[in-house]
Amino acid sequence: VQLVESGGGLVQPGGSLRLSCVASGFAFSNYAMTWYRQAPGKERELVAGITSAGGSTNYADIVKGRFTISRDNAKNTVYLRMNSLKPEDTAVYYCNVTIWPWNYWGQGTQVTVSS
């Protein structure tokens, strides 16, 4: 199993970014996918999740209305569109899949929101 995130960077407050996570090594379309983030000195937290076919999504309250998770099963890719970014969104963002009983993570992509 391999998860490779990309799309992070430095953005000003109010700006937007789209993160991508390309998956390989498993039947991507059969599994729910999630995005987490970890800010310096804080625990890793769930940001958003999407079911295997993409029919259902869920979000942390702090990102609802600003972030959108989506997936393209033909490309084995899950996305996180982030709008109206705030300095408190600064973190390393990780892609995650649980293939019981194992939990797999990507290497993460840094998002920094600063003027």
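This is a predicted model, so every value here is computed, not measured.

### Remarks on the layout of surface pockets
Point 1. Space inside the largest pocket adds up to approximately 180 Å³.
Point 2. A per-class count over the lining of the largest pocket returns three nonpolar, two polar and eight charged.

### Considering the state of the cysteines
Point 1. Scanning all chains against the criterion turns up one disulfide.
Point 2. Cys 21 shares a disulfide with Cys 95; S-S distance 2.2 Å. Judged by the torsion about the S-S bond (-80°), the Cys 21/Cys 95 disulfide is left-handed. Of the two residues, Cys 21 is situated in strand S3 (residues 17–24) and Cys 95 in strand S9 (residues 91–99); the sequence distance between them amounts to 74 residues.
Point 3. Given a relative accessible area of 0%, Cys 21 falls into the buried group.
Point 4. With relative accessibility at 0%, the residue Cys 95 sits in the buried group.

### Remarks on the packing of aromatic side chains
Point 1. For the coordinates displayed, the defined rule picks out four aromatic pairs.
Point 2. Centre to centre, the rings of Phe 26 and Phe 28 are 6.2 Å apart; their planes meet at 55°, and the pair counts as tilted.
Point 3. The class of Phe 26 is buried, set by a relative accessible area of 14%.
Point 4. With a centroid separation of 6.3 Å and an interplanar angle of 85°, the aromatic rings of Tyr 94 and Trp 105 are classed as edge-to-face. Placement of Tyr 94 in strand S9 and of Trp 105 in strand S10 (residues 102–105) is noted, with a sequence separation of eleven residues between them.
Point 5. For Trp 105, a relative accessible area of 33% puts it in the partly exposed group.
Point 6. Feature note: the residues Phe 26, Phe 28 and Tyr 31 constitute an aromatic cluster, connected by ring pairs.

Criteria and cut-off values
- Residues numbered from 1 in each chain as written.
- Predicted model: local features only at pLDDT ≥ 70, side-chain atom pairs only at ≥ 80, totals over all residues.
- Heavy atoms only, no water.
- 1 Å grid on protein atoms, 1.4 Å probe; cavity = no way out; pocket = protein on both sides within 12 Å on 5 of 7 lines; lining within 4 Å.
- Points joined across faces, edges and corners; volume = space filled by probe spheres on them.
- Nonpolar A, V, L, I, M, F, W, Y, C, P; charged D, E, K, R; others polar.
- Disulfide = S-S within 2.5 Å.
- Helix = DSSP H or I, 4+ residues; strand = E, 2+ residues; numbered from the N terminus.
- Buried < 20%, exposed > 50% of the residue type's maximum accessible area, 1.4 Å probe, protein only.
- Phe/Tyr/Trp six-rings, centres within 6.5 Å; stacked < 30°, edge-to-face > 60°.

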